[in-house]
Amino acid sequence: MDKSTGKVIGITGNMVTVKFDGNIAMNEVGFILVGDQKLKSEVIRINGDTAEMQVFEMTQGVSVGDTVAFSKEMLSVTLGPGLLGQVYDGLQNPLPELAEQCGFFLQRGVYLNALDGEKKWDFTPTVKKGDTLRLADSLGTVPEGIFEHQIMVPFTMPEDEYQVISIAKKGSYTIHDEIAVVKNSKGREYKLTMIFEWPVKRPVKLYAERLKPVDPMVTKVRLIDTLLPVARGGTYCIPGPFGAGKTVLQQITSRHAEVDIVIIAACGERAGEVVETLIEFPELTDPKTGKSLMERTIIICNTSSMPVAAREASVYTAVSLAEYYRQMGLHVLLLADSTSRWAQAMREMSGRLEEIPGEEAFPAYLESVIASFYERAGLVQLHNGKLGSVTIGGTVSPAGGNFEEPVTQATLKVVGAFHGLSRERSDARKYPAIHPLESWSKYEGVIDKKKVTYVTDILFRGEEVNQMMKVVGEEGTSLEDYVIYLKSDFVDYAYLQQNSFDPVDGAVSIERQQYVFDQLFRVTVGEFTLDDKDEARQYFNQLRQLFLDWNGVSWDSDSFKDIEKSIQDKIEEKWNSSDPHAKSFSGK
Amino acid sequence: MRKVYTKIESISGSVITVRAEGIKNGDLAVVTSAHGTSLANVIRLKHDLVSLQVFAGARGISTGDEVRFLGKPMQVSFSDNLLGRIFDGSGKPRDNGPVLEENMIDIGGPSVNPAMRIIPTNMIRTGIPMIDVFNSLVESQKLPIFSVSGEPYNQLLARIALQAEVDLIILGGIGLKYDDYLYFKETLEEGGAMSRTIFFVHTASDPTVEGLLVPDISLAVAEQFALAGKKVLVLLTDMTNFADAMKEIAITMEQVPSNRGYPGDLYSQLASRYEKAVDFKDAGSITVLAATTMPGDDVTHPIPDNTGYITEGQYYLKNGRIEPFGSLSRLKQQVNDKSRDDHRALMDGMIKLYASFNESQEKKSMGFRMSEWDKKLLTYGELFESKMMDLSVNIPLEQALDLGWEILSTCLEPDETGLRSELVKKYWPKEA
Ligand SMILES: Nc1ncnc2c1ncn2[C@@H]1O[C@H](COP(=O)(O)OP(=O)(O)OP(=O)(O)O)[C@@H](O)[C@H]1O
Ligand SMILES: [Mg+2]
């Protein structure tokens, strides 16, 4: 079939109206020819012989009558070895290469290959002539950094099964070299290379079974791992007002999360934040592998001043890459900051299409679009029996910091954990500002659930006492209640709060969390001999001080043991008994 | 010669439409009416119907007035001749100097490739403890001053501009009161900074829409100087007027408003300006400080709200002070680990205590008995407000840090501060 063409007949913002000849498809990519530039666009509505297209570039200089060349292809990403360590824009253009070619500024209409076509990869075949393969079955592997990158039967092939006719010998090949020939049941032959294109808006579902996410994904943030855990293959969201700490939380998670691969989708946020990651990551070593963190990271970046329509593309590009690596039996974490910017891009486009606006002018399909995005996460068992997962964590930036708005609400309906940030906590510099009582998680953590529930209960009751004290004053509060309040405040300072920029306390291993939590638990179940409120306050201040110092020293140091000893002495000093209700599980 | 059109099809708000062919999106036109001429730019095309936004407003424009397309987008002249000069919102001289037409550059150009940015590392010292200690300002930062109306935000801007060690100051005034314009001029002249300053000033009495160009013009010029290696400080005052002008256009164009009448792309529009703040690899930098007055003193209003989501923090000006809550510098951690080893801890610790002080004060105002702890906090809070928060305080960072320890030791015991013991050991003032 021939490719169609069209002519621009209208322009508003980043949307153009095009009159076309022939056939075009919804979501087909077309290029507007402006002078010697080609502006990438996507069909978003077709009506008779006119189509509306969103342009992934600035539309300055476009005029009525400009030619549009359609491509017959959907918006796609290139999948193959060499994705790791890359910094792409939302359309998978490698930004460092763009900089080499265009200098300081992003020049519109310049599209580069996503993968290096010249680099040689050491291919080891894992199939032989005559083998029968399904889609996504491995043909062989190439080493990509610390991973064995599986070269798979392209996901886009039309039939389910193929037979190997020939396979390349062990050796060194570029991504464009032929590495296999396969045939379908009718004998039609296909030449395969190491790469193929995948339409970003389609989920990859080439696995045997989707499983319930159970294993915790350790983030090394105490408040998350202990109280509000995230599971591998699960989903979670971080809504919060501006400046409350969403990005910092994601940055720290992208460094420390115990997964194989991290994909960062910087969607409509600040360029400076991406720069921090892309400059610092190559310098940081991943303690697990000893290699640079960049080797396990892909950055997709469509920052706030980059063209709005590409924001939507960027989250889909990111999730497609995540699914690709999951297909190799790897655990992938996708962090999207911020999903609200993507929702706003949808809103802008919906407005230009003059669709009937829903709440706060967001389109009516907002909810289903958000749901199907998070639905692409999941723990799966592949046909070869291996497990792979995509975990998605998205930030939400609600207008006015009010969670009762469409994007937050739509997200809360579909995610497995909610880490809501509170303005009060961030104002008071209580980081991470996740509200420990309003947030929730449906996943299981590493630390004994009964103990965690006990501590959470202290936090709840402490908060109640605190509220009550605002009405009746400290003098109207019993010593018993006051101690509960002090305990909750102590848990907050000594455990929940964690400065991400502290070299030691910024990230805490799960072993250390368990260890410290046990000591902390002793304090919370303790019934102490305290005569009055002043004495109680002083006592808990001292305990708090010891824990703060303890958190600041490294895990295997002598000071760690010294401080632990002081903590035990301090607990003994006023120890009376432990809460009888907690006896059954406190192990004491 | 460009074709002149003399039949205006419709006029609404500050938007006019004409029928014309071969016109490009974003192109500039000159509209000539009985009241003079104004620039206009193309904001929508539909077949041969061209919508233009007229910067001087459409008041008094008649359907038979003349529209002449210039075949190019908005541009501004760039050279060292700009230094010390004063222009209006569309780049015309406001002083009596010559019109500049050499080396014209486009405004509102493309954004910087993130791969060509670097992590900023230079602190801009201001002598204001609420900034230097608690929310350090950093070269290339974009930071608004959220101000309750009537607060001295322009004075604060001018003070920082004079104190900051930058090569160049660009003042972009949007709906600036004439008195404030004169204030800036006098202050910078007295401070001897006028020769390294450029003014693009749209005043409150100029047509509203004309103010829309000011951020783009100021930032385009700043960008060129920064590429030439200069450290540029851009002051924009008041971005609320800019957002309101945008709202006016959006309503005229019958866009569906998203929030309290503001267009859904307010975020993207503001971001494309603020994101011009940059530290270039191997070249200069642009730092942007922008006054944003909060309508109804409400931070959740769409203008401050969207701004806060874009900028790298904000200074919250209230009751003549920079409030510790609500104020934030997101780049502070790039610099405050290099100043002194107690800087970070003291910064967080003192604010946490100030938060507790606020709670005690609340209890006090409700008539509750003050415990020993409350009393300590009250003394702490009062000292903090008078010695640190007051805007008249002007001391170097190191002195401010020492002062912090002094305040703490005056009213608290070391283990009440929540600060780690090793720091306390090092910095706690010895008994005199
Ligand atoms: N865990 C943390 N530890 C220490 N400081 C933090 C932490 N989280 C946030 N902060 C402080 O708060 C600032 C703002 O955080 P961040 O940029 O993550 O906010 P955000 O929620 O992403 O805001 P926005 O929605 O505007 O992007 C940081 O620059 C840092 O100074
Ligand atoms: Mg953020």
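Each remark here, short or long, concerns the structure printed above.
The following paragraphs examine the structure supplied in this document. Note that the structure is predicted; figures quoted are calculated from it, not measured.

1. A few points about the pattern of salt bridges
Residues and elements named next belong to chain A.
Okay, step 1: Enumeration over the complete set of coordinates arrives at 54 salt bridges over all chains.
Okay, step 2: The partner of Lys413 in a salt bridge is Glu367, with the nearest N and O atoms 3.0 Å apart. Of this pair, Lys413 sits in the loop between α8 (406–412) and β25 (417–418) while Glu367 sits in helix α7 (residues 366–374), placing them 46 residues apart in sequence.
Okay, step 3: A salt bridge links Lys574 to Glu535; its shortest N-O distance comes to 2.5 Å.

2. A short note on the site of ligand 1
Okay, step 1: Looking at ligand 1, there are 21 residues lining it, with Lys246(A), Thr247(A), Arg270(A), Ser500(A) and Arg330(B) nearest.
Okay, step 2: In this structure, Gly243(A) approaches ligand 1 through a main-chain N or O atom, which is 2.8 Å from an oxygen atom.
Okay, step 3: Taking Gln333(B), its side chain carries an N or O atom lying 2.9 Å from an oxygen atom of ligand 1.
Okay, step 4: A total of 630 Å² of accessible area belongs to ligand 1 in isolation, and the protein chains cover 97% of it.
Okay, step 5: Put simply, the parts of the chain that give the shell around ligand 1 at least two residues each are α3 (246–256) of chain A together with α7 (302–310) and α8 (332–335) of chain B.

3. Things to note about the pairing of strand β24 (residues 387–396) of chain A
All names here are of chain A.
Okay, step 1: Across the 10 residues of β24, 9 count as buried, placing the element largely inside the fold.
Okay, step 2: Pairing analysis gives 5 bridges linking strand β19 (residues 235–239) to β24, with the strands arranged parallel. When the bridges of β24 are listed, Ile238 appears paired with Thr395.
Okay, step 3: Where strand β22 (residues 331–337) and β24 come together, 6 bridges link them in parallel fashion. Its bridge partner being in β24, Leu333 is matched across the sheet by Thr391.
Okay, step 4: Direction of pairing for strand β23 (residues 378–381) relative to β24: antiparallel, over a ladder of 4 bridges. For Leu379, the partnering residue across the bridge sits in β24 and is Ser389.

4. Quick word on empty space enclosed by the protein
Okay, step 1: Counted according to the given criterion, the structure contains 5 cavities of 30 Å³ or more.
Okay, step 2: One number sums up the size of the largest cavity: a volume of about 210 Å³.
Okay, step 3: Lining of the largest cavity is provided by 22 residues; of these, Gln344(A), Arg347(A), Ala399(A), Asn259(B) and Asn306(B) occupy positions nearest its centre.
Okay, step 4: For the lining of the largest cavity, the secondary-structure elements that each account for two or more residues are α6 (339–352) of chain A together with β17 (257–259), β18 (262–263), α6 (266–274) and α7 of chain B.
Okay, step 5: Across the lining of the largest cavity, the residue classes break down as 10 nonpolar, 7 polar and 5 charged.
Okay, step 6: Lining the second largest cavity are 14 residues; nearest its centre among them are Thr247(A), Gln251(A), Ile264(A), Thr277(A) and Asp337(A).
Okay, step 7: For the lining of the second largest cavity, the secondary-structure elements that each account for two or more residues are α3, β20 (261–267), α4 (271–280) and β22 of chain A.
Okay, step 8: Examining the composition of the lining of the second largest cavity, we find that 4 residues originate from one element, α3(A), more than from any other.
Okay, step 9: By residue class, the composition of the lining of the second largest cavity is 6 nonpolar, 5 polar and 3 charged.

5. Observations concerning the pairing of strand β14 (residues 168–176) of chain B
Residues and elements named next belong to chain B.
Okay, step 1: Burial analysis of β14 places 9 of its 9 residues in the buried class, the great majority of the element.
Okay, step 2: With 6 bridges joining them, β14 and strand β16 (residues 231–237) adopt parallel strand pairing. Each residue of the ladder has a partner; that of Leu168, found in β16, is Val232.
Okay, step 3: Looking at chain direction, β14 and strand β15 (residues 197–203) are connected through 6 bridges and run parallel. Bridge pairing in β15 links Ile169 to Thr197.
Okay, step 4: For the crossover that starts at β14, traverses helix α3 (residues 178–190) and ends in the parallel β15, the hand is right-handed.

6. Some details on the interface of chain B and chain A
Where interface size is quoted, it is often the accessible area lost as the parts come together.
Okay, step 1: The partner chain A presents 80 residues to the 82 residues of chain B that form the contact.
Okay, step 2: For the pair chain B and chain A, the summed buried area comes to about 6,800 Å², and 53% of that belongs to carbon and sulfur atoms.
Okay, step 3: Counting across the interface, chain B meets chain A through 5 salt bridges.
Okay, step 4: Between Arg537(A) and Glu416(B) there is a salt bridge; the shortest N-O distance is 3.5 Å.
Okay, step 5: Taken together, chain B and chain A are joined by 30 residue pairs in polar contact (both at pLDDT 80 or more).
Okay, step 6: Looking at the side of chain B that touches chain A element by element, the count peaks at 7 residues for helix α9 (residues 343–365) of chain B.
Okay, step 7: Its residues placed into classes, the side of chain B that touches chain A shows 34 nonpolar, 25 polar and 23 charged.

7. Observations concerning the side chain of Asp225(A)
Residue and element names in this part refer to chain A.
Okay, step 1: In this fold, Asp225 is placed in helix α2 (residues 222–227).
Okay, step 2: No salt bridge forms around the buried Asp225; measuring N to O, its nearest opposite-charge neighbour Lys220 is 8.4 Å away.
Okay, step 3: A distance of 3.0 Å separates polar atoms of two side chains, one belonging to Asp225 and the other to Gln513.
Okay, step 4: Those residues in contact with Asp225 that sit more than four places away from it in its chain are Met217, Val218, Thr219, Lys220, Gly445, Val446, Ile510 and Gln513.

Scoring rules and cut-offs
- Residues numbered from 1 in each chain as written.
- Chains lettered and ligands numbered in written order.
- Predicted model: local features only at pLDDT ≥ 70, side-chain atom pairs only at ≥ 80, totals over all residues.
- Heavy atoms only, no water.
- Salt bridge = Lys/Arg side-chain N within 4 Å of Asp/Glu carboxyl O.
- Helix = DSSP H or I, 4+ residues; strand = E, 2+ residues; numbered from the N terminus.
- Near = heavy atom within 4 Å.
- Polar contact = N/O pair within 3.5 Å; in protein donor to acceptor, adjacent residues only side chain to side chain.
- Areas by Shrake-Rupley, 256 points an atom, 1.4 Å probe, with all protein chains shown as cover.
- Buried < 20%, exposed > 50% of the residue type's maximum accessible area, 1.4 Å probe, protein only.
- Pairing = 2+ DSSP bridges.
- 1 Å grid on protein atoms, 1.4 Å probe; cavity = no way out; pocket = protein on both sides within 12 Å on 5 of 7 lines; lining within 4 Å.
- Points joined across faces, edges and corners; volume = space filled by probe spheres on them.
- Nonpolar A, V, L, I, M, F, W, Y, C, P; charged D, E, K, R; others polar.
- Right-handed = clockwise from strand over helix to strand, strands pointing away.
- Contact = heavy atoms within 4.5 Å.
- Buried area = accessible area lost by both parts, 1.4 Å probe.
- Lys, Arg positive; Asp, Glu negative; His and termini not counted.

Function cannot be inferred from these measures alone, as they are strictly geometric.
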